[in-house]
Amino acid sequence: MADRYILYGGEGTGAVAVEAALALIGAPYDVIDLPDATALEAARTVNPAAQVPALALPDGQTLTESAAILLRLTELHPQAGLAPGVDDPRRGAFLRWLSFVATQVYAHYWVKDDPMRLVSDPAEAPVVEARLNDRIAACWAIMEAGLAPGGPYLLGEAPSVLDLYVTVISRFRPRRQRFYEVAPRMGQAVRRVDADPRLADLWARRYPFFDGWDRM
Ligand SMILES: N[C@@H](CCC(=O)N[C@@H](CS)C(=O)NCC(=O)O)C(=O)O
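Residues numbered from 1 in each chain as written. Predicted model: local features only at pLDDT ≥ 70, side-chain atom pairs only at ≥ 80, totals over all residues. Heavy atoms only, no water.

Caption draft 1: Geometry of the sheet that holds strand β4 (residues 62-64). Taken in spatial order, the four strands line up as β2-β1-β3-β4 in an open sheet, and their pairing is mixed. Across the chains shown, the open sheet's two edge strands, defined by having one partner strand only, are β2 (29-33) and β4. Neighbour to neighbour, the strand axes of the sheet diverge by 20 degrees on average, direction disregarded. Against the sheet, helix α1 (residues 15-25) touches β1 (5-9), β2 and β3 (54-56), its axis set at about 155 degrees to β1. Against the sheet, helix α3 (residues 66-76) contacts β1, β3 and β4, and its axis sits at roughly 130 degrees relative to β4. (Pairing = 2+ DSSP bridges. Helix = DSSP H or I, 4+ residues; strand = E, 2+ residues; numbered from the N terminus. Axes fitted to C-alpha atoms, helices over the stretch in contact; angles between N-to-C directions. Contact = heavy atoms within 4.5 Å.)

See the structure below:
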């Protein structure tokens, strides 16, 4: 049995949220990057959906689906404190918003990254993308309104994998411009995660904050 996790990922993908969780947990892991469509196709044995992240666990199981991976990591490493426990009153909100980010935001990128997956006329692609951007902004606004007041993180005093997840997914195009407008409280939380010194090396290697990154 291997004693390390193997993360199938890629720079600037949702897999970086899983890397951030592994980094905060302090668990040993190796990364196999599947950066482009060809590599992803070749990796169908790892994930039949040909997507990253996928995480091979030390026990030999391989998990796909970012929210499930993040949740499972919190179960396997409760000492890291990256999720409210099952008896914590915030647990329901944690599960709700983890699922919400996966299904109401992240899932749209299957189309947003390549609108031609759903339309035949290239002229329609920008319309699809603009409408998805509107929908994603609306969903961030719904989450902002639904989160309990408090902070400085999404669920209170300490960062959870939900913060890591939102921090990474909110960096996808159209980056953070509309996100900061529609979700100012979440904006403060993700900026705090951006600046977490424990993650500085990871961000630099896997999702760099170069000048103007959030406007491109
Ligand atoms: N439902 C999946 C979505 C994963 C996903 O969309 N990953 C992107 C990278 S950020 C990907 O692999 N895209 C390639 C594709 O869908 O063809 C999850 O939550 O893990």
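Caption draft 2: The arrangement of the packing of aromatic side chains in detail. This model, assessed by the stated rule, comprises eight aromatic pairs. Each ring, one from Trp97 and one from Phe100, has its centre 5.0 Å from the other, and the planes form 75 degrees; the classification is edge-to-face. Taken as a pair, Trp97 and Phe100 lie in helix α4 (residues 91-105) at a separation of three residues, close to a single helical turn. Assigned by exposure class, Trp97 and Phe100 land together as buried. When the centroid spacing of 5.0 Å and the interplanar angle of 85 degrees are considered together, the rings of Trp140 and Phe179 count as edge-to-face. Of this pair, Trp140 sits in helix α6 (residues 125-146) while Phe179 is found in helix α8 (residues 177-182), placing the two residues 39 residues apart along the sequence. Each member of the pair, Trp140 together with Phe179, is buried. Here a set of aromatic residues connected by ring pairs shows up, and it is made of Tyr106, Tyr109, Tyr165 and Phe172. (Phe/Tyr/Trp six-rings, centres within 6.5 Å; stacked < 30°, edge-to-face > 60°. Buried < 20%, exposed > 50% of the residue type's maximum accessible area, 1.4 Å probe, protein only.)

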